[in-house]
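Structural characterization, general
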Amino acid sequence: MKKILIINGPNLNLLGKREPTIYGSQTFEDYFQTLQQLFPEVELHYFQSNHEGALIDKIHEIGFTFDGIVLNAGAYTHTSIAIADALSAVTTPAVEVHISNVHAREAFRHHSYLSSRVKGVIVGLGLKGYELAIWYFTN
Ligand code: CA2
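Cut-offs and rules
- Residues numbered from 1 in each chain as written.
- Predicted model: local features only at pLDDT ≥ 70, side-chain atom pairs only at ≥ 80, totals over all residues.
- Heavy atoms only, no water.
- Core = buried A, V, L, I, M, F, W, Y, C linked by side-chain atoms within 4.5 Å.
- Buried < 20%, exposed > 50% of the residue type's maximum accessible area, 1.4 Å probe, protein only.
- Helix = DSSP H or I, 4+ residues; strand = E, 2+ residues; numbered from the N terminus.
- Contact = heavy atoms within 4.5 Å.
- Salt bridge = Lys/Arg side-chain N within 4 Å of Asp/Glu carboxyl O.
- Near = heavy atom within 4 Å.
- Polar contact = N/O pair within 3.5 Å; in protein donor to acceptor, adjacent residues only side chain to side chain.
- Nonpolar A, V, L, I, M, F, W, Y, C, P; charged D, E, K, R; others polar.

The subject of this paragraph is the nonpolar core. Nonpolar side chains in soluble globular proteins tend to be buried together. Counting residues in hydrophobic clusters, the biggest one holds 21 residues, and the most contacted among them are Ile6, Phe28, Leu35, Val70, Tyr130 and Ile134. Of all elements in the fold, only strand E1 (2-8), helix H2 (28-38), strand E2 (42-48), strand E4 (94-98) and helix H5 (128-138) reach the threshold of two or more residues within this core. Beyond its immediate sequence surroundings of up to four residues, tyrosine 130 is in contact with Ile6, Asn8, Phe28, Tyr31, Leu35, Val70, Asn72, Val97 and Ile99. Listed in part, the 19 residues of the second largest apolar core include Leu71, Ile83, Ala86 and Val90.

Below you can see the structure in the form of C-alpha coordinates.
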(Lines give C-alpha, C1' and ligand atoms only; values in the text may rest on other atoms or scores of the structure.)
Protein backbone atom coordinates (compact mmCIF):
# COMPACT_ATOMS: atom_id res chain seq x y z
CA MET A 1 0.00 0.00 0.00
CA LYS A 2 1.42 3.40 -0.98
CA LYS A 3 1.85 5.88 1.84
CA ILE A 4 1.10 9.51 1.04
CA LEU A 5 1.17 12.45 3.42
CA ILE A 6 -0.79 15.64 2.82
CA ILE A 7 0.82 18.60 4.56
CA ASN A 8 -1.05 21.87 4.99
CA GLY A 9 0.73 24.95 6.28
CA PRO A 10 -0.34 28.08 8.13
CA ASN A 11 -3.96 29.18 8.30
CA LEU A 12 -5.20 26.23 6.27
CA ASN A 13 -6.84 24.95 9.47
CA LEU A 14 -9.37 27.73 8.78
CA LEU A 15 -10.55 26.17 5.51
CA GLY A 16 -14.33 26.11 5.32
CA LYS A 17 -14.58 28.54 8.23
CA ARG A 18 -13.32 31.86 6.75
CA GLU A 19 -12.95 33.47 3.28
CA PRO A 20 -15.14 30.94 1.41
CA THR A 21 -15.01 33.00 -1.81
CA ILE A 22 -11.27 32.32 -2.13
CA TYR A 23 -10.84 28.98 -0.39
CA GLY A 24 -14.27 27.31 -0.59
CA SER A 25 -16.69 26.25 2.12
CA GLN A 26 -15.53 22.73 2.95
CA THR A 27 -13.32 21.95 5.94
CA PHE A 28 -10.20 19.96 5.15
CA GLU A 29 -11.21 17.30 7.67
CA ASP A 30 -14.41 16.67 5.63
CA TYR A 31 -12.51 16.69 2.36
CA PHE A 32 -9.93 14.29 3.81
CA GLN A 33 -12.72 11.74 4.35
CA THR A 34 -13.69 12.14 0.68
CA LEU A 35 -10.07 11.54 -0.31
CA GLN A 36 -9.95 8.37 1.78
CA GLN A 37 -13.07 7.14 -0.04
CA LEU A 38 -11.64 8.06 -3.45
CA PHE A 39 -8.31 6.31 -2.78
CA PRO A 40 -9.06 3.25 -0.61
CA GLU A 41 -5.88 1.61 -1.90
CA VAL A 42 -3.69 4.39 -0.47
CA GLU A 43 -2.54 4.83 3.12
CA LEU A 44 -3.35 8.54 3.37
CA HIS A 45 -2.08 10.69 6.22
CA TYR A 46 -2.77 14.33 7.01
CA PHE A 47 -0.73 16.89 8.92
CA GLN A 48 -1.41 20.60 9.41
CA SER A 49 0.68 23.11 11.28
CA ASN A 50 0.98 26.86 11.55
CA HIS A 51 4.66 26.52 12.49
CA GLU A 52 7.49 26.39 9.97
CA GLY A 53 9.73 24.16 12.11
CA ALA A 54 6.92 21.65 12.70
CA LEU A 55 6.41 21.38 8.92
CA ILE A 56 10.13 20.77 8.46
CA ASP A 57 10.24 18.17 11.26
CA LYS A 58 7.34 16.30 9.62
CA ILE A 59 9.07 16.32 6.21
CA HIS A 60 12.20 14.86 7.87
CA GLU A 61 10.14 12.29 9.81
CA ILE A 62 8.40 10.74 6.81
CA GLY A 63 10.70 11.85 3.99
CA PHE A 64 12.61 8.59 3.65
CA THR A 65 9.76 6.09 4.02
CA PHE A 66 6.64 7.57 2.40
CA ASP A 67 5.89 7.39 -1.32
CA GLY A 68 4.71 10.96 -1.75
CA ILE A 69 4.13 14.32 -0.10
CA VAL A 70 1.29 16.59 -1.20
CA LEU A 71 2.35 19.97 0.12
CA ASN A 72 0.42 23.18 0.47
CA ALA A 73 2.83 25.22 2.56
CA GLY A 74 0.49 28.24 2.56
CA ALA A 75 2.30 31.57 2.77
CA TYR A 76 5.59 29.79 3.64
CA THR A 77 5.63 28.86 -0.04
CA HIS A 78 6.66 32.42 -0.78
CA THR A 79 9.15 32.88 2.07
CA SER A 80 10.71 29.64 3.24
CA ILE A 81 14.15 28.60 2.06
CA ALA A 82 14.15 26.26 5.07
CA ILE A 83 11.18 24.24 3.78
CA ALA A 84 12.77 24.19 0.32
CA ASP A 85 15.96 22.79 1.87
CA ALA A 86 13.96 20.14 3.76
CA LEU A 87 12.35 19.01 0.50
CA SER A 88 15.78 18.69 -1.09
CA ALA A 89 17.16 16.79 1.91
CA VAL A 90 14.65 13.93 1.78
CA THR A 91 14.08 11.24 -0.82
CA THR A 92 10.26 11.20 -0.87
CA PRO A 93 9.02 13.20 -3.87
CA ALA A 94 6.56 16.05 -3.36
CA VAL A 95 3.87 17.79 -5.36
CA GLU A 96 3.06 21.42 -4.49
CA VAL A 97 -0.63 22.33 -4.37
CA HIS A 98 -2.37 25.69 -4.06
CA ILE A 99 -6.12 25.97 -3.75
CA SER A 100 -6.28 29.46 -5.24
CA ASN A 101 -4.66 30.60 -8.47
CA VAL A 102 -1.69 32.34 -6.91
CA HIS A 103 -0.76 33.83 -10.31
CA ALA A 104 -4.05 35.72 -10.44
CA ARG A 105 -3.41 37.24 -7.01
CA GLU A 106 -0.84 39.64 -5.50
CA ALA A 107 2.66 39.67 -7.04
CA PHE A 108 4.23 38.35 -3.81
CA ARG A 109 2.31 35.10 -4.33
CA HIS A 110 3.80 34.56 -7.80
CA HIS A 111 7.14 33.28 -6.54
CA SER A 112 7.54 29.94 -4.79
CA TYR A 113 10.75 28.81 -3.09
CA LEU A 114 9.38 25.26 -3.26
CA SER A 115 8.47 24.77 -6.93
CA SER A 116 12.01 23.93 -8.03
CA ARG A 117 12.21 21.16 -5.36
CA VAL A 118 9.01 19.31 -6.29
CA LYS A 119 7.86 17.07 -9.13
CA GLY A 120 5.14 19.47 -10.18
CA VAL A 121 2.78 22.21 -9.11
CA ILE A 122 -1.03 22.33 -9.18
CA VAL A 123 -2.60 25.76 -8.64
CA GLY A 124 -6.06 27.26 -8.76
CA LEU A 125 -8.15 24.10 -9.02
CA GLY A 126 -9.54 24.29 -5.50
CA LEU A 127 -9.43 21.23 -3.26
CA LYS A 128 -9.44 19.05 -6.38
CA GLY A 129 -5.73 19.87 -6.66
CA TYR A 130 -5.00 17.52 -3.74
CA GLU A 131 -6.91 14.74 -5.50
CA LEU A 132 -4.92 15.28 -8.70
CA ALA A 133 -1.65 15.19 -6.78
CA ILE A 134 -2.57 11.87 -5.12
CA TRP A 135 -3.59 10.55 -8.53
CA TYR A 136 -0.11 11.47 -9.82
CA PHE A 137 1.56 9.41 -7.09
CA THR A 138 -0.68 6.40 -7.58
CA ASN A 139 -0.71 6.11 -11.40
O1 CA2 B 1 -4.02 29.02 -2.50
C2 CA2 B 1 -3.40 28.42 -1.61
O3 CA2 B 1 -3.59 27.23 -1.36
C4 CA2 B 1 -2.38 29.18 -0.76
O5 CA2 B 1 -1.32 28.28 -0.46
C6 CA2 B 1 -3.11 29.58 0.50
C7 CA2 B 1 -2.28 30.46 1.43
C8 CA2 B 1 -1.69 31.64 0.67
O9 CA2 B 1 -0.83 32.37 1.51
C10 CA2 B 1 -0.92 31.19 -0.56
O11 CA2 B 1 -0.45 32.32 -1.24
C12 CA2 B 1 -1.81 30.38 -1.48
C13 CA2 B 1 -3.14 31.02 2.56
C14 CA2 B 1 -3.88 30.01 3.32
C15 CA2 B 1 -4.92 30.70 4.13
O16 CA2 B 1 -5.98 29.82 4.27
C17 CA2 B 1 -7.16 30.29 4.73
C18 CA2 B 1 -8.23 29.45 4.65
C19 CA2 B 1 -9.45 29.87 5.06
C20 CA2 B 1 -9.60 31.14 5.59
C21 CA2 B 1 -8.52 31.99 5.68
C22 CA2 B 1 -7.27 31.55 5.25
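Per the counting criterion, the structure on display carries 5 salt bridges. With its nearest N and O atoms 2.7 Å apart, the salt bridge here joins arginine 109 to glutamate 106. Take glutamate 106: its relative accessible area is 35%, and that puts it in the partly exposed class. By sharing partners, the salt bridges in this structure join Arg105, Glu106 and Arg109 into a single network.

Around the ligand sit 17 residues in total, of which Asn72, His78, His98, Ile99 and Ser100 are the nearest. In the model, an oxygen atom of the ligand is placed 3.5 Å from a nitrogen or oxygen of the asparagine 11 main chain. Between the ligand and the protein, one listed contact pairs an oxygen atom with a side-chain N or O atom of arginine 109 at 2.9 Å. For the shell around the ligand, the per-class residue count stands at 8 nonpolar, 6 polar and 3 charged.

Interpretation note: all reported values are geometric properties and have no functional meaning in isolation.
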